Amino acid sequence: MRKRLRSALRYVTLIIILTLLFVPLISAFTQVAEQGPRIVKIRGHGRVGQDAISVIADFDSALNAHHPDAALALFSDGAVVSDLSNIACLSGTNLPSPPCGGQNVFHTTMQIRGWLEQLVKEGIQVKEIGNYRVTAANVTWDLEVTVDEYRRLDVAPLVANAMAVVQDWKIKSLTISLDQESTKKLVLGYAAHQRTPYSILASGVGFGILVLGLVFPAAAAYYISRVKDLFATVPGLKKPWTLLQAGVASLFIAILLVGIRSTVRAPPSYLDIIQYVVIVLTGFFFLVAMVLMKRVWLVAPND
Amino acid sequence: MISAYLYGLVTPGLLVLVLTLFYISRIRSLFAAVPRLERPWLLFEAGVILLFASLLVAAISDSFGLNSGLLGPVGNVLLVLTAFFILWAMVTMKRVWTISESD
């Protein structure tokens, strides 16, 4: 009776611990889902009488401060962004595909958020050149743009032309593209940074590591099943080994996600979250397997 | 968003892995009488430590905004090494039990 009570108490403690651990996990998801855009005034901008200019200046400041939420808050519902020169998603020639899948027009809030996050990830810095030109709700301006890709190609900063429609303190549409001279400079930059034997070797090594990363957990799962067979006579040991197999399967998925991240065009931040969830699940399966296994081995000598 | 999932995902993940390490060490001590079994459990422990390190690298790169271009591959290599150590542990464990049976 006392033994059963102790066992029940252990289960309850384990459930409480796991619940406590996973409450923040769930709250993180709710936060990510519910996090609404908020306006953060990053830098004060002199009032020159044109609301539209003020909005654009705030947008540039938000980008420079790497606050995608603040920048997103400046867009109206149904806003459209056209990044005609793929500033956010321009990939090096070494990459198999551009991060945005060649897409350069963003219609939904989620797409615009992805575009802004990609710009931040690329370490964007913008600087207005000359004056803003305002015609009714339209604002056009020139700006210097620097992103990691331009830095890597030694062409930063490049000059871009931007045009925005601003209504009710919100950006309704934004079109941005590099000017002709900068486009040429970029093409020349790529030509100068063609694939080197080192970069080919590095990508080959990366692919090799990824393949090994998929083979190892698959083989580990096979060996666990063999070990499980060896312990078939010991009652209660099947479950822990199965859980360990589940953990190894999660590890396989986590490594598979590394490969998917380099080929699929989903916004990187979401794949990061999925990968973290899978890794945490791996740890969770391992933990439950070990708790059960310890219990089985502790009980076995008494029986 | 980064700080939210850093708190919500990585922290419980690290705690779960620390607890796993504790339980593995307890199981290892249960098998202290079988010296050949110490190695597989040690290897499994090493695998879990590497998984911990992989998550920690992700946490560090996110929280301090370090260059993910450098830390990303490090985290991925640690993940592959985790799988390798677990495989090694399981191969060793199977070998130990097979030898025990034939002995």
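Data block above holds the structure.
Because the structure is predicted, anything quoted here is derived from the model rather than measured.

Here we look at empty space enclosed by the protein
All names here are of chain A.
Now for step 1: Summed over the entire model, instances satisfying the criterion amount to three cavities of 30 Å³ or more.
Now for step 2: Along its surface, the largest cavity is lined by 13 residues, and Phe59, Leu63, Trp115, Leu143 and Ile176 are the ones closest to its centre.
Now for step 3: Residue assignment for the lining of the largest cavity shows that the elements contributing at least two residues are helix H2 (51–64), helix H4 (109–121), strand E4 (138–146) and strand E6 (170–178).
Now for step 4: Among the elements that make up the lining of the largest cavity, the one with the highest residue count is H2 (three residues).
Now for step 5: Along the lines of polarity and charge, the residues of the lining of the largest cavity split into 12 nonpolar, no polar and one charged.

Description of the packing of aromatic side chains
Now for step 1: Considering all chains together, one arrives at 12 aromatic pairs over all chains under this definition.
Now for step 2: Where A:Phe216 meets B:Phe84, the ring centres are 5.1 Å apart and the plane angle is 55°; that geometry is what we call tilted. Of the two residues, A:Phe216 sits in helix H7 (residues 197–230) while B:Phe84 sits in helix H3 (residues 68–102), which places them in two different chains.
Now for step 3: The exposure class of A:Phe216 is buried, given its relative accessible area of 14%.
Now for step 4: Relative to B:Trp88, the ring of B:Phe84 has its centre 5.8 Å away and its plane inclined at 40°; by these criteria the two rings are tilted. Residue B:Phe84 and its partner B:Trp88 are both found in helix H3; the two are separated by four residues, about one turn of the helix.

Side note on the sheet that holds strand E3 (residues 125–135) of chain A
Residue and element names in this part refer to chain A.
Now for step 1: Strands sit in the order E2-E1-E6-E5-E4-E3 across an open sheet of six strands; the sheet is mixed. Across the chains shown, the open sheet's two edge strands, defined by having one partner strand only, are strand E2 (105–106) and E3.
Now for step 2: Sheet topology note: the strand E5 (residues 158–167)/E6 ladder contains eight bridges and is antiparallel. Across the sheet, Ala160 pairs through a bridge with Leu178, a residue of E6.
Now for step 3: Against the sheet, H4 touches strand E1 (75–83), E2 and E6, its axis set at about 50° to E1.

A few points about the environment of A:His67
Residues and elements named next belong to chain A.
Now for step 1: Structurally, His67 can be placed in the loop between H2 and helix H3 (68–72).
Now for step 2: Judged by relative accessible area, which is 32%, His67 ranks as partly exposed.
Now for step 3: Separated by 49 residues in sequence, His67 and Leu116 have C-alpha atoms that sit 8.7 Å apart.

Regarding unusual backbone geometry
Residue and element names in this part refer to chain A.
Now for step 1: With an omega of -5°, the peptide bond running from Ala156 to Pro157 counts as cis.
Now for step 2: Assignment of secondary structure puts Pro157 in the loop between helix H5 (148–152) and E5.
Now for step 3: With phi around 60°, His66 is a residue other than glycine that occupies positive phi space.
Now for step 4: Relative to the elements of secondary structure, His66 occurs in the loop between H2 and H3.
Now for step 5: Of note, the phi angle at Ala136 is positive, near 55°, even though the residue is not glycine.
Now for step 6: In this fold, Ala136 is placed in the loop between E3 and E4.

Here we look at the interface of chain B and chain A
Now for step 1: The interface of chain B with chain A comprises 43 residues on the first partner and 49 residues on the second.
Now for step 2: Buried area between chain B and chain A, both sides added, is near 4,300 Å², and the carbon and sulfur share of it is 86%.
Now for step 3: In this assembly, chain B and chain A are joined by zero residue pairs in polar contact (both at pLDDT 80 or more).
Now for step 4: At the level of secondary structure, the elements contributing two or more residues to the side of chain B that touches chain A comprise helix H1 (2–30), helix H2 (38–63) and H3 of chain B.
Now for step 5: No other element matches H1(B), which puts 18 residues into the side of chain B that touches chain A.
Now for step 6: For the side of chain B that touches chain A, the residue count by class is 33 nonpolar, six polar and four charged.

Each value, and the rule that gives it
- Residues numbered from 1 in each chain as written.
- Chains lettered and ligands numbered in written order.
- Predicted model: local features only at pLDDT ≥ 70, side-chain atom pairs only at ≥ 80, totals over all residues.
- Heavy atoms only, no water.
- 1 Å grid on protein atoms, 1.4 Å probe; cavity = no way out; pocket = protein on both sides within 12 Å on 5 of 7 lines; lining within 4 Å.
- Points joined across faces, edges and corners; volume = space filled by probe spheres on them.
- Helix = DSSP H or I, 4+ residues; strand = E, 2+ residues; numbered from the N terminus.
- Nonpolar A, V, L, I, M, F, W, Y, C, P; charged D, E, K, R; others polar.
- Phe/Tyr/Trp six-rings, centres within 6.5 Å; stacked < 30°, edge-to-face > 60°.
- Buried < 20%, exposed > 50% of the residue type's maximum accessible area, 1.4 Å probe, protein only.
- Pairing = 2+ DSSP bridges.
- Contact = heavy atoms within 4.5 Å.
- Axes fitted to C-alpha atoms, helices over the stretch in contact; angles between N-to-C directions.
- Buried area = accessible area lost by both parts, 1.4 Å probe.
- Polar contact = N/O pair within 3.5 Å; in protein donor to acceptor, adjacent residues only side chain to side chain.

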